[in-house]
Every structure is written in structure tokens, then in C-alpha cells.
Amino acid sequence: MRTDTSPAIYRKDYTPPSYWVRTVEMGFDLDPSATRVATRMTLARNPASAEQAIVLHGEELELVQIRLNGKNLAKRDYKLVDGLLRIPTKAEEITLEIETLIRPDKNTSLMGLYVSNGNFFTQCEAEGFRKITYFPDRPDVMAQYTVMLRGDKKKYPVLLSNGNLIEQGDLGDGRHYALWEDPFKKPSYLFALVAGQLVCQEQTEKLKSGREALLQVWVEEGNLDKTQHAMDSLVNSIHWDEERYGLELDLDRFMIVAVGDFNMGAMENKGLNIFNTKFVLANPRIATDTDYANIEAVVGHEYFHNWTGNRVTCRDWFQLSLKEGLTVFRDQEFSADMIGTDSGRAVKRIDDVRVLRQAQFPEDAGPMAHPVRPDSFVEISNFYTVTIYEKGAEVVRMYQTLLGRDGFCKGMDLYFERHDGRAVECDDFRAAMMDANGRDLTQFERWYSQAGTPRVKVTTSYDADKQTYDITLAQSCPPTPGQAKKQPFHIPVAIGLLDGKGRDMPLSLKGHSDQPTTLVLELTATQQTFHFTNVTEQPVPSLLRNFSAPVVLDYDYSDADLAFLMAHDSDAFNRWEAGQRLATRRLLALTEAAQQADSPLSVDVALSASLRASLNDVALDPAFRETVLTLPAETVIAEQMEVIDPQAIHTARRFLRLSLAKDLRQDFSRVYAANQTDGPYSPDAASSGKRALKNLALSYLAELDDADAHTLAQAQYDSANNMTDRMAALAALANSQAPGRAAALAKFYSDFEQEPLVIDKWFSLQAMARTTDVAAVQTLMKHPAFSIKNPNRARSLIFSFCNGNPSRFHAADGSGYAFWAEQVIALDAINPQVAARLARSLDRWRKYAPALQEKMRAALQQVADTAKLSKDTREVVGKSLA
Ligand code: ZN
């Protein structure tokens, strides 16, 4: 083992900055191979700090000059070690001028200033600003920025930065300039600049107060036919935040810029959001319904950050979920409101819970498990996780569940009243929620400090004579790294009781006089019993309605109970949940059977009858029916097993899909025919729901892999007028023996060669196809359109295979793991953040059978033994092996 590991940083070691920065003036002379950055800042000593020095961060910078209060500093006047520049001083007020030289064209990490397709972009969150200039690059240092951009007029006709455009003009030498001023103080991670050949769609929009704002969506020429949906989503976001939270856009200009090389989804830089093209560009030809929905969600997310993240920001990076959990919650609610119907809201909730279970639950049970507010990290980039984002959003949602919508809004109001313009902690948010509502939420803090997914075990007993019903809730939480024992959480458990006809019973519980049909039980002790009276018959309990807490709920339902809930529960989430429980039960049994060579897999008539009923229930929305008929993912089944057997899970799930296809063949055909959308394409919820159900039917029928299925898929492929239908048809063909398989894949490629986002889909679909093994992936990597340097492309092929094709990735010969190690190492030399994400694919290695475990450990070790490894990747593999 190598020992040169970077030290961890601890939350408890937080100290305030020695100097505050008041103003920052920056001048950029843009040049791909040598950009000169001149920064002048005014600083004021922070009396709360004992440190007698200015402390600045800097990485990969060529330092040209430093001047303090107008005087050039010599080397002996400061210390520069390990990315920290210290200038000893006690002065109260200081003007510091720093000149640095950087090389954007050599920047493949995509942090700091970089070049993508000839244009300049920045990415500063979390610690990228230090790759531009020396600066106290920490979120609690908030300053006012003025930015002068200078560059070649032809190569960089567009020059953008945060805030308002103050002045622009010609410099006479073939260059021009633009001066930008951001009226709001901000932390350095929200700094941004963009320069290059871009065009925009723009419009003005009237705000709540009557002010007008200029909205722009900037893209490369040729993509202007793909910006309308992002613009519509921005307009909707603006008005939603006005209506739901009374929050108005505080700038006269709001810009979104799309870039093809980007590590993440998008970035909320003040007034100048920078987006992965994947979350901006859409038209029916290139984007699926899911793409449309994702664009709406991400545009909303970044826009909502303007208040939850930018106006009120994080004191330190341990508080990351303060802005991310809250903003994900806000974008989830926004998307739900945009659909508008109750059933649509339920489908959105189901989608969000699926992400949580597929990605966050495994994270919370693995070697990288961490609390929503972590206590330590080596590399903060590794903590942009599903725990910080999605579990963080669940934690915020629980406030709303406990306090009600109005109570939650009051808490938000108080939060802004207290903290606008400040950098604060998760505790400040909780305090605002408590104080605005006069509620004690002290114990709720454990959701921030304790990792792991709590389990709630439920037992019930009915007394027919006394007409009482007892619900006993008992909680526990498995150990996680560094946290052996857990204290009880404050868990809201929403419940209802169904009578024999499937109707909600009015609930009589001490302290609740109004007899509601859904009650939020508050579990705060290790075990509590809730005593219901006037229960006139033995009920079937509907537990954890709408997934009121991010827990695993354990209750011994009979199959009949589950079928009953599937058919009757008034809580749509729990109707779906009952079906998932039933299917999981069958899949686990089938998996076990698949592991025994001599035990044949058998069909289950009860499950198929329940699914048939939902499939054919035209009173239910198509979108909802699609979620019911979709079986739990292989990774979700995996998490339920003591020892994961990816091949057996795959065999079981395919077997169940095939038997459902045989059993419900007529039904699927009918549903397929009944859910055609004609007329011009529209991504609205009703149309996309129909397409989802129709394409689900297609995918089941494709399991039959017969001539009829081939013809159906081919016909849909040939006649599709939108990418949703085209992709669904191509997926059906790609996973079949259809004679047209190869031709369809080839045609798809040649039809969309000019559309990078579609070519990503083409790679991704093949990476996840059933027949694709490591050798096939390696062949695809040699395709001229493949490039490991572009994160979207690397994700579309390498990540899709490692994370989205479990049965092939976990091949018994270990070829998947050897491939993984090779790619992590290759990526690490190019882009540590992307490499470290891929490194997460072996997180759960200890859950597999010994033979696989050994091969996974060897692959992890091979990466760990690599001489020059980033601290990003080293932290991940180090923690996996620990
Ligand atoms: Zn965010």
C-alpha cells in the first residue's frame, strides 16, 4: 500500500478566515495557452481570527507578481507551500494585487478556466477558483466582483461574466473588451466567465414586482433550434419561486450557457449559469421525454439556487447539503407542480424514491457512507453525492411533512430574514424551522449527523372486542464507517388504515380530534406504540404513505394484503409500493431458485393477476401504470440480498419479465395500441405518460423475441417522429435477435452523427445491451466517435457499462473489473473528478460472493498501487479497501 495519502479535513477544525475580502477587480487577457489574470482585492482583517497573515489558495498557477498596498513583494515576504500562499501581516486594511498566468488549453480537469471546442468556460465550485488566481477560496469569504474581459474579437465575440454588463468596446488591436459588475457579494465558487463564439435566444420577462429581466440561453451556432424548452423552463422557474416562496429574481439579466465538456449537470454561478449541454438542448428530434423533464428540473434547480445557495450560502463545504438538499427539494416540488395532477405528483415522487433506493441506499450501506453533513473529507469533490443531494432533499421534505406546507414556508421566510447575504450552517436552517413554528426539532439534528438508512420495524395487533388497533414502531440503524452506534432519529411515519372494502377508515388517536384518514406518527424513541380506538374491523395498514421518511420499512404483509393495497390504497405512492414489495418477494425467490441448478423457475399467477389489473385499469394515469409494471431494478434486488449474485438476479428478472410478457401478451398489445400519441410531439405529462406506457408494453413484448415483436419494434423505429419512440424501439431491437438489429444501430448512428447528445445515447444503449461484454465495450471505445476526454462520452460508454450492465460487468472471469481498473487509471490522468466517480462502481464489493470479491479487491488494489493518483480517486479506493 502506498502511504502518501492526503490528510482529511475535519468539520470540527473550522476557523474563521483571517481576512475578509471586500472587493475584487479582475482583468483577464484571454489566450488559450497563456491567459493573464490580474486581480486587485481589498481586504479587511477579521478580528475573530488569531492568524496574523493573509492566507490564499492557489493551484497550478504561474505567479507573476504580488503587490501589497502598492509595493512589490519579494519571495522572502511570503511563503508558498502546498497550494497555500501566506503573507504575514497585521494590517487592518489591505490592497492586494496579484498577477497569474494560466493555461486553459491544457486544463483537462475542467475545473478553473478551460477551453471547450475553442471557447472559454469556468467551473469554480467547489475549489476551482484557486486555479485562476490566489484567493481565500472558501465559501464564507464573500466579496463584490468587477470583471474586465479582453480577447480577440473574431475568436471570442461574446464575453460574459456574472451580474450586469457595464461597458464594452473595441481595443483597436483586433481585440475587444467587456466590463461586468456583480452587484451582490458572493463566494469565489460562484464566479464565472464565458468567452467565445456563441449565440443566444433571449426575451424579457416581467417579474412579480413589475421589473423586467433579460433572459438569455447561450449555445453554439447550430443549436438555436434546441433552446426553447430551456427558456420555457426558466420562465416557469422564475414564476414558481415567486408564487410558492415569494422569491424574486434579483438581477436585471439572467444567463444560461451550454457547454459540451462539463463534469456535472450544471452550475448556479450568479447570473451566469453554466450547463452541461445535456441539460439545455432539446427538440423532438434529439431529446426524449426524460430529457425534457430533466432539463426542466435542472434549469429549475440552478435557478432556485439563486436564493438557496447564492443569497444564503454555506459557511464551509461540510454544509453542502444546506444548499443542495434544499434546492433538490425545491426542484422536486417545482417539477411536481408543473405536472399539476395528484397522479402526476405521485409518479414524480415514485421516480425520486427510485433514485434514492437505487443509488443512495447502497451508498449509505457502503464504504463511502457519510452523514448529510459530513464530519470529514479528503477531497470535497467526492462529496457531491446522492446522500448530500437526494437524502438531503428527503431531510428537507420531512420538515414539510412535520410542519405542514405553511409551517415550512414560515421557516423559509425566517431563514432568509435572518441569513440573507450570509454564509451559514445546516443548524441555522433547522433553527429557522423550529423558531418560526415554535417546535422543538433538537432530535431532528441526527438526520444531519448520523449516516446509514434507518429501519423501521412495524408490528400491529387488533382487538376485535375493544375495537382497538395498536401499531408498534421500532427503529434501528446499521453501523457505518466511524459510527458504530446510532441514537434514535425523529421519524415522521404517515399512515392510514383500510377497511375491508379498501376505503380509508377515519383514525381515532389520542390527541387528534378531527379523525383524519392519514396521520403522521412521530417516532422519536427506539420503540413506540400508537393506540387507535373505534377501529370497527381488522384493517390493512398503509404505512409510510408518500414515503414520508427515507427509511426501510419492515412489515410482515401477506401477499393478499399487498394485492389488496395495490388495488385500493388511496395513497398512490403506496399502491405502487405494494406492487414493488410483491415483485421483490417473487424476484428474491426466483433469484434463489436460479442459484440452484436443479430448481426450475416457476411462474406466479397471483402477481401477474395484480399487474394485469393495474395495466388495464384505465381509471389510472398511463404514467402511473407504467411505474407499477416496471419491476424493481437489479441493483435494488441486489441490496436486499445477504450475498449479491448478479447473474442469478439477472436471470430471475429476465425470467419474470418473459413470463409476464407471455401471460399478459394480449393486454400489452392492447395497451400498446391504445396509447398511441398522434399529432405533433409534445413533452407534456399526459403525452409522455402515454408514450411511457406504450413503450413499456413494447419492451415486454420484445422479451418474446419473436417475429411479431421484431416487426412491431422495427415499425415503431421507422415511423417514429420523436426521440422517445425512436430510442424505445432501438432498445427493443438492440436487446433482441431481430434481423434488423445491426442495420437499425447503423442507421441511427448515421442519422445523428452530427448530434453529440444523441451519439451519447447510442453508446449508452449498446453499453447496457444484454449481449455487450467487455470485449464489445473495448471495440466501441475504438470507434472514431469515442473520446475518453469528454465526460459525457466517457459516461455514456464506460459508466453505462460498469453501472448499468451488472450481469456483464460482474462477469465471473473478472474481465469487467480489470477493464474498470484500466479506465479509472486512464481517466485519473485526465480528469480526477470523473475518475473518482467511476471508482465508486466497486463500492459494494464486500457484498459479493468470495470469488468475485477477490477479483474486485485485486482491481481496487491495482488502482490504489498506481503511482500518480489524484487525491480524488485515492480517497475513494482507499475507503473502499479500508
Ligand atoms: Zn445544486
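In this text, all values refer to a predicted model and were calculated from it rather than measured experimentally.

## A word on the overall build of the protein
- Looking only at helices and strands, the protein features 26 helices and 33 strands.
- Principal-axis analysis of the C-alpha atoms gives the protein an extent of 85 × 65 × 60 Å.
- Buried positions account for 59% of the 882 residues belonging to the protein.
- Sequence-distant contacts in the protein: of pairs separated by 6 or more residues, those separated by 24 or more amount to 70%.
- On the protein, roughly 34,000 Å² of surface is accessible, and the fraction owed to carbon and sulfur atoms is 50%.
- Looking at the protein, you have 99 positive and 117 negative side-chain charges, and the mean spots of the two groups are 3 Å apart.

## Topic: the sheet that holds strand 22 (residues 272-276)
- If you walk across this open sheet you meet the five strands as 18-19-20-22-21, and the pairing is mixed. Strand pairing shows two members of the sheet lacking a second neighbour, strand 18 (199-206) and strand 21 (266-267), which therefore form its edges.
- Sitting on the sheet, helix 2 (residues 289-304) touches strand 20 (253-259), strand 21 and strand 22, and the angle it makes with strand 22 is about 150°.

## Structural notes on the coordination of the zinc ion
- Only His-301 (NE2), His-305 (NE2), Glu-324 (OE) and Glu-324 (OE) from the protein coordinate the zinc ion, and they sit 1.9 to 2.8 Å from it.
- Considering all four donor atoms around the zinc ion, angles at the metal cover 52 to 161° and the coordination shape is irregular.

## Overview of the nonpolar core
- One finds Phe-28, Leu-96, Phe-191, Phe-408, Phe-429, Phe-532 and Trp-820 to be the most contacted residues of the largest nonpolar core, which totals 272 residues.
- If you tally residues by element for this core, the top one is helix 5 (residues 386-419), at 15 residues.
- Leaving out residues up to four positions away in the same chain, Phe-191 has contacts with Met-26, Phe-28, Thr-122, Cys-124, Phe-129, Ile-132, Tyr-145, Val-147, Ser-161, Asn-162, Lys-186 and Asn-269.

## Points about the sheet that holds strand 32 (residues 540-543)
- Taken together, the three strands give an open sheet; going across it, the order is 30-28-32, and neighbouring strands pair in antiparallel fashion. Each having just a single partner strand, strand 30 (519-523) and strand 32 make up the two edges of the open sheet. Averaged over neighbouring strand pairs, the angle between their axes works out to 35° when direction is ignored.
- Inspection of the sheet shows strand 28 (residues 491-498) paired to strand 30 by five bridges, in the antiparallel sense. Within the sheet, the bridge partner assigned to Ile-491 lies in strand 30 and is Leu-523.
- Its contacts with the sheet put helix 8 (residues 559-568) on strand 28 and strand 32, and the angle it makes with strand 32 is roughly 65°.

## Digging into the environment of Ala-549
- Note on placement: Ala-549 falls in the loop between strand 32 and strand 33 (552-554).
- The class of Ala-549 is buried, set by a relative accessible area of 0%.
- In sequence terms Ala-549 and Glu-394 are 155 residues apart; their C-alpha atoms lie 6.9 Å from each other.
- Aside from chain neighbours lying at most four places away, what touches Ala-549 is Met-398, Ile-491, Pro-492 and Leu-544.

## Some remarks on the side chain of Ser-109
- Of note, Ser-109 is situated in the loop between strand 9 (93-102) and strand 10 (112-116).
- Polar side-chain contacts of Ser-109 include one of 2.7 Å to the side chain of Lys-131.

## With respect to helix 17 (residues 723-734)
- Between the first and last C-alpha of helix 17 there are 16 Å, a value that for twelve residues agrees with the 16 Å anticipated at 1.5 Å per step.
- Counting buried positions along helix 17 gives eleven out of twelve residues, so the element sits mostly inside the fold.
- Contact partners of the buried residues in helix 17: helix 2, helix 15 (685-703), helix 16 (707-719), helix 18 (741-752) and helix 19 (756-767).
- One side-chain oxygen at the N-terminal end of helix 17 lies 3.0 Å from the backbone nitrogen of Thr-724; it belongs to Asn-722.

## Concerning helix 10 (residues 605-616)
- The terminal C-alpha atoms of helix 10 lie 16 Å apart, and with twelve residues this matches the ideal 16 Å at 1.5 Å per residue to within 8%.
- Within the sequence span of helix 10, burial applies to Leu-607, Ser-608, Ser-610, Leu-611, Ser-614 and Leu-615. Viewed along the axis of helix 10, the buried residues span an arc of 160°, placing them on a single side of the element.
- Those residues of helix 10 that are buried are in contact with helix 8, helix 9 (572-595), helix 11 (622-629), helix 13 (646-663), helix 14 (665-674) and helix 15.
- Two or three places before Leu-607, at the opening of helix 10, Asp-604 has a side-chain oxygen 2.8 Å from that residue's backbone nitrogen.

## Considering the environment of Lys-12
- Within the element layout of this structure, Lys-12 appears in the loop between strand 1 (9-10) and strand 2 (19-29).
- For the pair Lys-12 and Ala-674, spaced 662 residues apart in sequence, the C-alpha separation works out to 60 Å.

## Concerning the pattern of salt bridges
- Summed over all chains, the structure comprises 72 salt bridges.
- Two residues, Arg-150 and Asp-29, come together in a salt bridge whose shortest N-O distance is 2.9 Å. You can see Arg-150 sitting in strand 12 (residues 142-152) and its partner Asp-29 sitting in strand 2, a full 121 residues away along the chain.
- Residue classification places Asp-29 among the partly exposed residues on the basis of a relative accessible area of 21%.
- Between Lys-879 and Glu-875 there is a salt bridge whose closest N-O contact spans 2.7 Å. Here Lys-879 pairs with Glu-875, and both are found in helix 26 (residues 871-881), just four residues apart, close to one helical turn.
- Of the residues examined, Lys-879 reaches a relative accessible area of 28% and is grouped as partly exposed.
- On the basis of relative accessible area, Glu-875 is assigned to the buried category, the value being 4%.
- One salt-bridge network, in which partners are shared between bridges, spans Arg-244, Glu-333, Asp-337, Arg-345 and Arg-397.

## Observations regarding the pairing of strand 22
- In terms of burial, strand 22 is largely enclosed, as five of its five residues are buried.
- When strand 20 meets strand 22, the two strands line up parallel, connected through five bridges. Opposite Ile-256, over in strand 22, you have Asn-273 as the bridge partner.
- With two bridges joining them, strand 21 and strand 22 adopt antiparallel strand pairing. Each residue of the ladder has a partner; that of Met-267, found in strand 22, is Ile-274.
- Between the antiparallel neighbours strand 21 and strand 22 lie four residues, among them Gly-271 with a positive phi of about 70°.

## Section: the packing of helix 2 against helix 3 (residues 320-339)
- Following both chains from N to C, one finds helix 2 and helix 3 inclined at 135°, their axes separated by 9 Å at the closest point. Regarding the angle of helix 2 to helix 3, the classification is oblique. Considering only the axes of helix 2 and helix 3, their crossing is right-handed. Between helix 2, through Glu-296, Ala-297, Gly-300, His-301 and Phe-304, and helix 3, the contact on the second element is made entirely by Glu-324, Thr-327, Val-328, Arg-330, Asp-331, Phe-334, Ser-335 and Met-338.

## Here we look at the packing of aromatic side chains
- Within the structure shown, the criterion is met by 40 aromatic pairs.
- Between Lys-12 and the ring centre of Tyr-10, over which it is positioned, the NZ or CZ distance is 4.6 Å.
- Note that Arg-726 overlies the ring of Tyr-717, its terminal NZ or CZ placed 5.3 Å from the centroid.

## Some details on the state of the cysteines
- Summed over the entire model, instances satisfying the criterion amount to zero disulfides.
- With no disulfide of its own, Cys-426 lies 7.2 Å from the sulfur of Cys-314, the closest cysteine sulfur.

## Here's the deal with the packing of helix 16 against helix 17
- One way to put it is that helix 16 packs onto helix 17 with a least axis distance of 8 Å and a crossing angle of 150°. Between helix 16 and helix 17, the angle is such that the two are roughly antiparallel. Where helix 16 crosses over helix 17, the two elements pack in a sense that is left-handed. Residue-level inspection shows His-710, Ala-713, Gln-714, Gln-716 and Tyr-717 of helix 16 in contact with helix 17, the latter providing Asp-725, Arg-726, Ala-728, Ala-729, Leu-730, Ala-732 and Leu-733.
- Taken together, the residues that form the contact of helix 16 with helix 17 break down as seven nonpolar, three polar and two charged.

Rules behind the numbers
Residues numbered from 1 in each chain as written. Predicted model: local features only at pLDDT ≥ 70, side-chain atom pairs only at ≥ 80, totals over all residues. Heavy atoms only, no water. Helix = DSSP H or I, 4+ residues; strand = E, 2+ residues; numbered from the N terminus. Buried < 20%, exposed > 50% of the residue type's maximum accessible area, 1.4 Å probe, protein only. Contact = heavy atoms within 4.5 Å. Areas by Shrake-Rupley, 256 points an atom, 1.4 Å probe, with all protein chains shown as cover. Lys, Arg positive; Asp, Glu negative; His and termini not counted. Charge placed at Lys NZ, Arg CZ, Asp CG, Glu CD. Pairing = 2+ DSSP bridges. Axes fitted to C-alpha atoms, helices over the stretch in contact; angles between N-to-C directions. Donors = N, O, S within 2.8 Å, 3.2 Å for Na, K, Ca; no water. Tetrahedral: all angles 85-135°; square planar, octahedral: opposite > 155°, others 65-115°. Core = buried A, V, L, I, M, F, W, Y, C linked by side-chain atoms within 4.5 Å. Polar contact = N/O pair within 3.5 Å; in protein donor to acceptor, adjacent residues only side chain to side chain. Expected span 1.5 Å × (residues − 1). Arc of directions from axis to C-beta. Salt bridge = Lys/Arg side-chain N within 4 Å of Asp/Glu carboxyl O. Parallel < 35°, antiparallel > 145°, perpendicular 65-115°, else oblique. Left-handed = near helix turned anticlockwise from the far one by under 90°. Phe/Tyr/Trp six-rings, centres within 6.5 Å; stacked < 30°, edge-to-face > 60°. Lys NZ or Arg CZ within 6 Å of the ring centre and 35° of its normal. Disulfide = S-S within 2.5 Å. Nonpolar A, V, L, I, M, F, W, Y, C, P; charged D, E, K, R; others polar.

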